[in-house]
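In case you want the letters, here they are:
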Amino acid sequence: MQTLYRRLLDLMPRIGVQVTDLGPGSAVVSRRGGPYKATGVDKDTWLLRRTRNGARAEIAKGSVVPLGDTGARLLLEDPAEQDERKLQLAAAEYLCVQHVTAMLELYGVNCVFDVGANTGQYAKRLRRAGYTGRIVSFEPTSETFARLEKAAAKDPEWHVHQCGLGREDTTAEIHTGWKTMNSLLSASDYGRDRYSRFAKSDTEEIRIRRLDEAMDEALKGLDDPRPYLKMDTQGYDLEVFAGAGERVAEFVGMQSEVAVLRLYEGSPGMGEAVAAYEAAGFGITGMYPVTREATTGRVIEFDCVLMRADAAPTP
């Protein structure tokens, strides 16, 4: 039997409210221009009410949390039972996608390089958020690539390549069996203490290409290419970035998962990574926590969004 919360989520799009499900027990709702009735409203909160089978149903006032002055509200099924850490990370993911989509539109991006695509989660989020331009995804492991290829099959503007990207054209062994955390690097002591999946690993030989070598094919057919680089390669982002060489200047923006606490041996820290990106002409527009320690609250990794200010449109 559906809960009242779930029935309300199903109803909202019909009455002009956009819904983004953040996971069990939480969702973001925002106005989309359509009319609906809200009662018990003050400047910070509002109530949604509906009638089902003759009985009034409502969401408790305390379960609706405003997201600043954006017009969006965070709807919680049971605020008393919410895990603050999980809720914050889910909201950060939502806000990151919204910010990236806005930057893609502002800078006129028409090709997103999705490096470390896994099964296509990032590309799917961009599509749901409204980005319609070209996406070029790179995923090296065979089993995961098969799922990525299937996900992209019906989208003519989503191209996929089975390879990794790095500093040089070569082959290498990648650790597999770590789900979304497969890496060319070994797990650090901290990583092994945190994730049981690092306890053992299989490996697979993969092809690695330089990014600058892959760009001509990826951008083929675009009259005025304005590419954006997203990297999520489990500690290998700076190697991917180095493989762009001088052509990194062609990217109007980028996104990298930067580490505060290192999960992989030999991976760069956040300071080193951000310094390299800033030296290449990019400036930070957003930082969003990806993972946090439950016991201490410390952030482990951030999604760092950077844009090239001189590529912004003239006001």
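Residues numbered from 1 in each chain as written. Predicted model: local features only at pLDDT ≥ 70, side-chain atom pairs only at ≥ 80, totals over all residues. Heavy atoms only, no water.

1. Thoughts on the overall build of the chain
- Scanning the chain from terminus to terminus reveals eight helices and 17 strands.
- The buried share among the 315 residues of the chain stands at 49%.
- Across the chain, every contact between residues at least 6 apart in sequence was considered, and the portion connecting residues at least 24 apart equals 63%.
- Carbon together with sulfur atoms contributes 49% to the accessible area of the chain, which is approximately 16,000 Å² in total. (Helix = DSSP H or I, 4+ residues; strand = E, 2+ residues; numbered from the N terminus. Buried < 20%, exposed > 50% of the residue type's maximum accessible area, 1.4 Å probe, protein only. Contact = heavy atoms within 4.5 Å. Areas by Shrake-Rupley, 256 points an atom, 1.4 Å probe, with all protein chains shown as cover.)

2. Quick word on the sheet that holds strand 9 (residues 134-138)
- The seven strands lie next to each other as 10-9-8-14-15-17-16, forming an open sheet whose pairing is mixed. Only two strands of the sheet have a single partner each, and these edge strands are strand 10 (158-161) and strand 16 (283-292). Taken pair by pair, the neighbouring strands of this sheet meet at an average axis angle of 15°, ignoring direction.
- Where strand 16 lies against strand 17 (residues 299-307), eight bridges are found, and the strand directions are antiparallel. Bridging across to strand 17, Met287 finds its partner in Cys304.
- Here helix 6 (residues 211-219) sits on the sheet in contact with strand 8 (111-115), strand 9, strand 10 and strand 14 (227-231), set at roughly 135° to strand 8.
- The strands touched by helix 8 (residues 270-279) are strand 14, strand 15 (253-259), strand 16 and strand 17; relative to strand 15, the strand with the most contacts, the crossing angle is about 165°. (Pairing = 2+ DSSP bridges. Axes fitted to C-alpha atoms, helices over the stretch in contact; angles between N-to-C directions.)

3. Remarks on the confidence of the model for the chain
- With 84% of its residues at a pLDDT of 70 or more, the chain shows a mean pLDDT of 87.
- Across residues 33-58, where pLDDT falls below 50, the model places 46 contacts with residues more than four positions away in sequence or in other chains. (pLDDT = per-residue confidence, 0-100.)

4. Let's talk about the state of the cysteines
- Under the counting rule described, the total for this entry stands at zero disulfides.
- Here Cys304 is not cross-linked by a disulfide; its sulfur's nearest cysteine counterpart is in Cys96, at 9.6 Å. (Disulfide = S-S within 2.5 Å.)

5. Some details on helix 8
- Residues Ala273, Val274 and Tyr277 constitute the buried set of helix 8. The buried side chains of helix 8 occupy one side of the element, clustering within an arc of 95° when seen end-on. Opposite the buried face of helix 8, by more than 90 degrees, sit the exposed residues Gly271 and Ala279.
- Buried residues along helix 8 sit in contact with strand 14, helix 7 (237-242), strand 15, strand 16 and strand 17.
- A positive backbone phi angle near 105° is found at Gly281, which sits one or two residues after helix 8. (Arc of directions from axis to C-beta.)

6. Examining the environment of Val17
- Here Val17 shows up in strand 1 (residues 17-23).
- Expressed as a C-alpha distance, the spacing of Val17 and Ser30, which sit 13 residues apart in the sequence, is 5.6 Å.

7. Description of the nonpolar core
- Among the nonpolar cores identified, the biggest contains 44 residues, and Phe113, Leu229 and Tyr277 are the most heavily contacted of them.
- If we skip the residues at most four places from it in the chain, Phe113 touches Val136, Phe138, Leu211, Met215, Ala218, Leu219, Pro227, Tyr228, Leu229, Lys230 and Phe251.
- Of all hydrophobic cores here, the second largest spans 24 residues; its members include Val100, Ala117, Tyr228 and Ala311. (Core = buried A, V, L, I, M, F, W, Y, C linked by side-chain atoms within 4.5 Å.)

8. Things to note about unusual backbone geometry
- In this structure, Asn118 is a non-glycine residue whose phi angle is positive, near 55°.
- Assignment of secondary structure puts Asn118 in the loop between strand 8 and helix 3 (121-129).
- Here the phi dihedral of Gln234 falls at roughly 55°; this positive angle occurs in a residue that is not glycine.
- Gln234 sits in the buried class, given a relative accessible area of 7%.

9. Observations concerning helix 2 (residues 84-106)
- The end-to-end C-alpha distance of helix 2, which contains 23 residues, comes to 32 Å, matching closely the 33 Å that a straight helix rising 1.5 Å per residue would cover.
- After helix 2 finishes, the residue Gly108 shows a positive phi value of roughly 65°. (Expected span 1.5 Å × (residues − 1).)

10. With respect to the pattern of salt bridges
- Taken as a whole and assessed by the stated rule, the structure comprises 13 salt bridges.
- In this structure, Arg192 and Asp189 form a salt bridge, with 2.5 Å as the shortest nitrogen-oxygen distance. Note that Arg192 and Asp189 are positioned in helix 5 (residues 189-194) at a spacing of three residues, about one turn of the helix.
- Between Arg210 and Asp212 there is a salt bridge, and its shortest N-O distance comes to 2.8 Å.
- Residue classification places Arg210 among the partly exposed positions, given a relative accessible area of 22%.
- Connected via shared salt-bridge partners are Arg209, Glu213 and Glu217. (Salt bridge = Lys/Arg side-chain N within 4 Å of Asp/Glu carboxyl O.)

11. Considerations on the side chain of Gln255
- Structurally, Gln255 can be placed in strand 15.
- For Gln255, a relative accessible area of 3% puts it in the buried group.
- Apart from residues no more than four positions distant in its own chain, Gln255 is found in contact with Cys96, Val100, Tyr122, Tyr228, Leu229, Lys230, Met231, Asp303, Cys304 and Val305.

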